[in-house]
Amino acid sequence: MTEEPPLYDGSSERRAPADQATVRRNNLGLVLRHLRDHGSRSRARIAQETGLNKATVSSLVAELAERRLVSTGEVDRAGSVGRPGLIVHLDGRCVCGIGVELNVDYVAVLVLDLRGEVLFERRHALDIPSLGAEETLDAVASAVTEAITAAAEAGARPAGVTVAVAGLVRSVDGVVTLAPNIGWRDVAVLDGLRSRLDVDFPIRVENDANLSAIAEWAMGAEARTPDLVYLTGEVGVGGGVIVAGRLLRGAGGLSGEVGHTSLGDPDVVCGCGRRGCWETVVGLAALLRAAADPGDPVRDPGRDLETRLAEVARRAEAGDERTLDALRQVGTSLGTGAAVLINVFNPRVVLLGGYFAVLGGFLMAPLLTELESRVLGPGMAGARVVLSTLGFTAAVRGGAHVALESVFDDPTLVHQVDGDLVSLSDVSQPDPEREPA
């Protein structure tokens, strides 16, 4: 079985001729990633599926167990020849990744261990445009510190933190070049967090839609779908595109700003300063403007977003005509833009995230009607429209997943100390001259 390359290669190591230590490290990562992607199995089966010999796999599993990254459990009853072996499980409860998202009206943080289990999760309602960059970075640093403390209480050490931002992000140096909905331009998020956090693990900054697409590919309901388009449903609208199992980043790493295509009302000014952007008719602000008057609680950015969306859903279910009209308008406009994306990328799946997923039951009918009339290929060119099951956690889950990739790339970063605690070798920041894949 040929192993897939990482979806997101965030390592800073420059490739060099493979010596024995490098080969060993790569093989450790191969076994660890194989267990993550394909589930628990015996040493013999790992050897068969990876092409490594049995003795090598036994040695690799023993080292991974010493580092508390795998454990052995029940006897493999499926083996037909020779003495039954023990099933090897991905463990890694001692290591975690931290994902953070900052959006228009909240900062969220989530901690995943190596098995993908949530150790800590929190979302803080914040009016980020009013706070400004410095106070927002203070809040982000506070959220990361809270997450580190929670991880330590669970016995886990962070391998890294990835910050998701809704806007144009230059990920090689962590600068948000433009985030119109929060009013940021050329904000050095990475440097700002480094100055606020005394940590020895890498910090990365990435576009929120890209990280959401990574999360969907890695752990969503349509995981491992090689060609998919993810659409964020926030105040702004972004897109994460995966083609043949790889994140599509574009020449400068700035792809995915689908919300600023000219598919909206030309009389409406977008947060970016231009007129007629798609997100002016399908973004959360557009829905709430159409569904409620100023001063209505559902339009208060200081209130929890999910609470506000629950109220919108309640009104729709109660038959409130204004709310239903607003949802139909958004669904139709969403279909118009999604049809363009299907015609361009021909994905197997279009995933609707954020508020699109929460209110998807009301959006789907007008959306599909529009797609059926606008997509060129028969049967919507084979595409399916699916509501994300990750909800508003997609970006932070994707961020935590990316943070953990350093361990899957090089399990020798994790050391066992005194049989109980673990330490992680220092992992350098991503090389600013090397754009992640």
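See the structure above.
So, a few notes on the structure that sits alongside this text.

What counts as what
- Per-chain numbering applies: the sequence of each chain, read as written, is numbered from 1 onward.
- Two thresholds apply to this predicted model, a pLDDT of at least 70 for residue-level local features and 80 or more for giving and counting side-chain atom pairs, whereas whole-chain, interface and lining totals are computed over all residues.
- Side-chain descriptors were evaluated using all non-hydrogen atoms of the structure, hydrogens and water having been removed beforehand.
- In this analysis, strands are considered paired if DSSP registers two or more bridges between them.
- Under the scheme used here, helices are H or I runs from DSSP no shorter than 4 residues and strands are E runs no shorter than 2 residues, and both carry numbers assigned from the N terminus.
- Helix axes use the C-alpha atoms of the stretch in contact, all axes being lines fitted to C-alpha atoms, and the angles between their N-to-C directions lie in the range 0 to 180 degrees.
- Throughout, a residue-residue contact means that at least one pair of heavy atoms, one from each residue, lies within 4.5 Å.
- By definition here, a salt bridge exists when the distance from a side-chain nitrogen of Lys or Arg to a carboxyl oxygen of Asp or Glu is within 4 Å.
- Only protein chains enter the area calculation, which uses a 1.4 Å probe; residues under 20% of their type maximum are buried, those over 50% are exposed, and those in between are partly exposed.
- What is meant by a nonpolar core is a set of buried Ala, Val, Leu, Ile, Met, Phe, Trp, Tyr and Cys residues, joined one to another through side-chain atoms within 4.5 Å.

### Regarding the sheet that holds strand S4 (residues 95–103)
Read from one edge to the other, the open sheet built from five strands follows the order S6-S5-S4-S7-S11, with strand pairing classed as mixed. Both edges of this open sheet fall to strand S6 (118–125) and strand S11 (203–207), since each of them pairs with a single strand only. Within this sheet the neighbouring strands show an average axis-to-axis angle of 15°, counted without direction. Where strand S7 (residues 157–165) meets S11, five bridges bridge the pair, whose relative direction is parallel. Within S11, the position partnered with alanine 164 by the bridge is glutamate 206. Relative to S11, helix H6 (residues 189–196) is tilted by about 150°, and along the sheet it contacts S7 and S11. The strands touched by helix H15 (residues 394–409) are S4, strand S5 (106–113), S6, S7 and S11; relative to S4, the strand with the most contacts, the crossing angle is about 145°.

### Topic: the pattern of salt bridges
A side chain of one charge can pair with a side chain of the opposite charge if their charged atoms are brought near each other. Under the defined criterion, the tally for this structure stands at 30 salt bridges. Notably, a salt bridge pairs aspartate 410 with arginine 25, separated by 3.8 Å at the nearest N-O pair. Residue aspartate 410 is located in the loop between H15 and strand S17 (414–417), and its partner arginine 25 is located in helix H1 (residues 20–38); the two are separated by 385 residues in the primary sequence. A single burial state applies to aspartate 410 and to arginine 25, both of which are buried. With a shortest N-O distance of 3.0 Å, glutamate 63 and arginine 67 are connected by a salt bridge. Under the relative-accessibility criterion, glutamate 63 is labelled buried at 14%. You can call arginine 67 buried: its relative accessible area is 15%. A cluster of three or more residues bridged by salt bridges with shared partners is formed by Arg33, Arg36, Asp37, Arg224, Glu405 and Asp409.

### So, the pairing of strand S9 (residues 175–179)
Within S9, five of the five residues are buried, leaving the element largely enclosed by the surrounding structure. Bridge count between strand S8 (residues 168–170) and S9: three bridges; the pairing is antiparallel. Paired with leucine 168 across the two strands is leucine 178, which belongs to S9. Between S8 and the antiparallel strand that follows it, S9, lie four residues; glycine 174 among them carries a positive phi value of about 70°. Pairing of S9 with strand S10 (residues 184–188) involves four bridges; the strand directions are antiparallel. Residue pairing for S10: alanine 179 is matched across the bridge by tryptophan 184. Between the antiparallel neighbours S9 and S10 lie four residues, among them glycine 183 with a positive phi of about 75°.

### What about the nonpolar core?
Core analysis: the biggest nonpolar cluster contains 108 residues, and Trp184 and Leu231 have the highest contact counts within it. Apart from residues no more than four positions distant in its own chain, leucine 231 is found in contact with Gly238, Gly239, Val258, Trp278, Leu334, Leu341, Val350, Leu351, Leu352, Gly353 and Phe356. The next biggest cluster of nonpolar side chains, apart from the first, holds 18 residues, and it includes Tyr230, Leu351, Val386 and Ala394.

All quantities given are derived from atomic positions and should not be read as evidence of function.
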